[in-house]
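# Chains, contacts and geometry: an overview
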Amino acid sequence: MLNAYPIDRAEGISLASHTWIDLLDPTDAERSAFETAFPLRVPTRDELGEIEATSRLQIENGALYMTAPLIFALGDEPWLPSPTGFVLSKQALMTVRFAKSASFDAVAKACGAEEKLEPAAAYVNLLEELVDHLADLLEAAGRDLDDASHVIFRQDNAKKLSKETAMLRQLMLRTGRTSERMARIHYTLVCLDRMAKFTVDRARDWLAQDFTARLQSVSSDIASLVQFSEGLVSRVQLLQDAATGIINIDQNDVMKVLTIASVVGIPPVLVAGIYGMNFKNMPEYDWAWGYQWGLALIVVTALIPLIWFKWKDWI
């Protein structure tokens with residue numbers, strides 16, 4: 001689908017009347033038609049997916065070809081990066097994307113209301129909107145970690161162990177998913193920062209001074225967001241380590257109870273086994289209180305280990 005901004009109702013689309021051409025999941029026919037009408041090459045999806053820096057930032061015939069994997073978050077669905085291309089020249093801005101984006105729609109709405117739109121202005125507006133969107137995603141990730149931290153470090157001993165362990169495991173999955181999202185956001189921010197610096201460096205001859213200042217401001221905002229994301233990554237590691245430690249402590253408590261029960265049960269079982277051998281020359285069999293003696297001996301041998309554990313403060 002091809003969108004052109006500012007929008008008019010003219011049938012033909014030309015660089016003279018449109019300074020931003022937005023290609024949304026273009027077909028081969030649309031790409032060929034566009035390249036025939038305009039002196040710009042439309043990158044393919046495979047080209048946009050290249051990870052080398054030289055492939056993401058290029059200059060062809062005076063136009064800047066830039067690529068960034070943008071995140072278009074949709075609720076609880078996986079945040080999968082979508083390759084997006086930006087082609088900026090003196091006469092026009094062309095964007096190539098393969099997913100719908102609220103950020104693009106917001107900038108397009110604002111650009112459509114302007115009578116005269118410069119390509120660099122549309123490009124800078126897009127970068128600013130994308131950085132704001134990523135900042136919102138990082139803030140949401142931070143709130144998610146705050147909730148996880150409150151649950152992990154709360155003081156509540158009334159919850160049953162099985163429920164506690166299950167809840168902590170769910171939190172570990174949740175924080176792991178948040179960590180994966182932040183890693184993708186971090187990579188997108190790095191790519192946008194490279195684009196902003198690349199534009200300032202290579203388009204300095206024809207880029208207006210105010211746009212240069214705004215791009216430098218975008219780079220500063222990205223640097224602060226990168227630092228914030230690194231702090232969140234550290235918190236994720238702390239929360240996962242804490243959850244793992246709490247689970248291990250709970251499991252150790254269970255093993256301690258089972259160990260104490262087994263140790264306490266060994267002496268009574270030994271006594272019962274000795275008196276259960278039924279040899280004729282065992283004098284206790286002829287005692288009037290032999291049965292009571294055996295029971296008392298079993299109880300005493302069970303209490304002695306418990307008293308020892310209590311004295312050692314192991315229980």
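See above for the structure.
Residues numbered from 1 in each chain as written. Predicted model: local features only at pLDDT ≥ 70, side-chain atom pairs only at ≥ 80, totals over all residues. Heavy atoms only, no water.

Note that strand β3 (residues 57-60) and strand β4 (residues 63-71) share four bridges and pair antiparallel. Directly across from Q58, in β4, lies its bridge partner Y65. Where β3 folds back on β4, the antiparallel hairpin that results is connected by two residues, among which N61 adopts a positive phi of roughly 55°. (Pairing = 2+ DSSP bridges. Helix = DSSP H or I, 4+ residues; strand = E, 2+ residues; numbered from the N terminus.)

Geometry of a packed helix pair, given as the angle between the helix axes and the separation of the axes. At a minimum axis separation of 9 Å, helix α7 (residues 209-275) and helix α8 (residues 290-311) run at an interaxial angle of 155°. The angle between α7 and α8 places the two elements in the roughly antiparallel class. The element α7 and its partner α8 pack so that their crossing is right-handed. Of the residues in α8, those touching α7 at I260, V263, V264, P267, P268, V271, A272 and Y275 are W293, G294, L297, I298, T301, A302, P305, L306 and F309. Of the residues belonging to the contact of α7 with α8, the class tally is 15 nonpolar, two polar and no charged. (Axes fitted to C-alpha atoms, helices over the stretch in contact; angles between N-to-C directions. Parallel < 35°, antiparallel > 145°, perpendicular 65-115°, else oblique. Left-handed = near helix turned anticlockwise from the far one by under 90°. Contact = heavy atoms within 4.5 Å. Nonpolar A, V, L, I, M, F, W, Y, C, P; charged D, E, K, R; others polar.)

As a further point, take helix α4 (residues 102-112). Those residues of α4 not exposed but buried are S103, F104, V107, A108 and C111. Taken end-on, α4 shows its buried residues confined to a sector of 130°, consistent with a single buried face. Exposed residues pointing more than 90 degrees away from the buried face of α4 are listed as A102 and K109. A distance of 3.2 Å separates the backbone nitrogen of S103 from a side-chain oxygen at the start of α4, and that oxygen is part of S101. (Buried < 20%, exposed > 50% of the residue type's maximum accessible area, 1.4 Å probe, protein only. Arc of directions from axis to C-beta. Polar contact = N/O pair within 3.5 Å; in protein donor to acceptor, adjacent residues only side chain to side chain.)

You can see M66 is positioned in strand β4. For M66 and C191, which are 125 residues apart along the polypeptide, the C-alpha to C-alpha distance reads 9.2 Å. Other than its neighbours up to four places away in sequence, M66 contacts R56, L57, T84, G85, F86, L88, Y123, M195, F198 and T199.

A few words now on the packing of aromatic side chains. Counted by the stated rule, this structure contains five aromatic pairs. With a centroid separation of 6.3 Å and an interplanar angle of 35°, the aromatic rings of F86 and F104 are classed as tilted. One end of the pair, F86, is in strand β5 (residues 81-88); the other, F104, is in helix α4, and 18 residues separate them in sequence. Between F86 and Y123 the ring centres are 6.3 Å apart and the planes differ by 75°, which places this aromatic pair in the edge-to-face class. Of this pair, F86 sits in strand β5 while Y123 sits in helix α5 (residues 119-152), and the two are 37 residues apart along the sequence. (Phe/Tyr/Trp six-rings, centres within 6.5 Å; stacked < 30°, edge-to-face > 60°.)

Proximity of charged atoms lets side chains of opposite charge pair with each other. This structure, assessed with the given rule, holds nine salt bridges. A salt bridge links R97 to D22; the shortest N-O distance between them is 2.7 Å. Taken together, the residues span a long stretch of sequence, with R97 in strand β6 (residues 93-97) and D22 in strand β2 (residues 20-24) at a distance of 75 residues. Close ionic contact of D201 with R202 constitutes a salt bridge, the shortest N to O distance being 3.1 Å. Salt bridges sharing partners connect three or more residues here, namely R41, E47 and E60. (Salt bridge = Lys/Arg side-chain N within 4 Å of Asp/Glu carboxyl O.)

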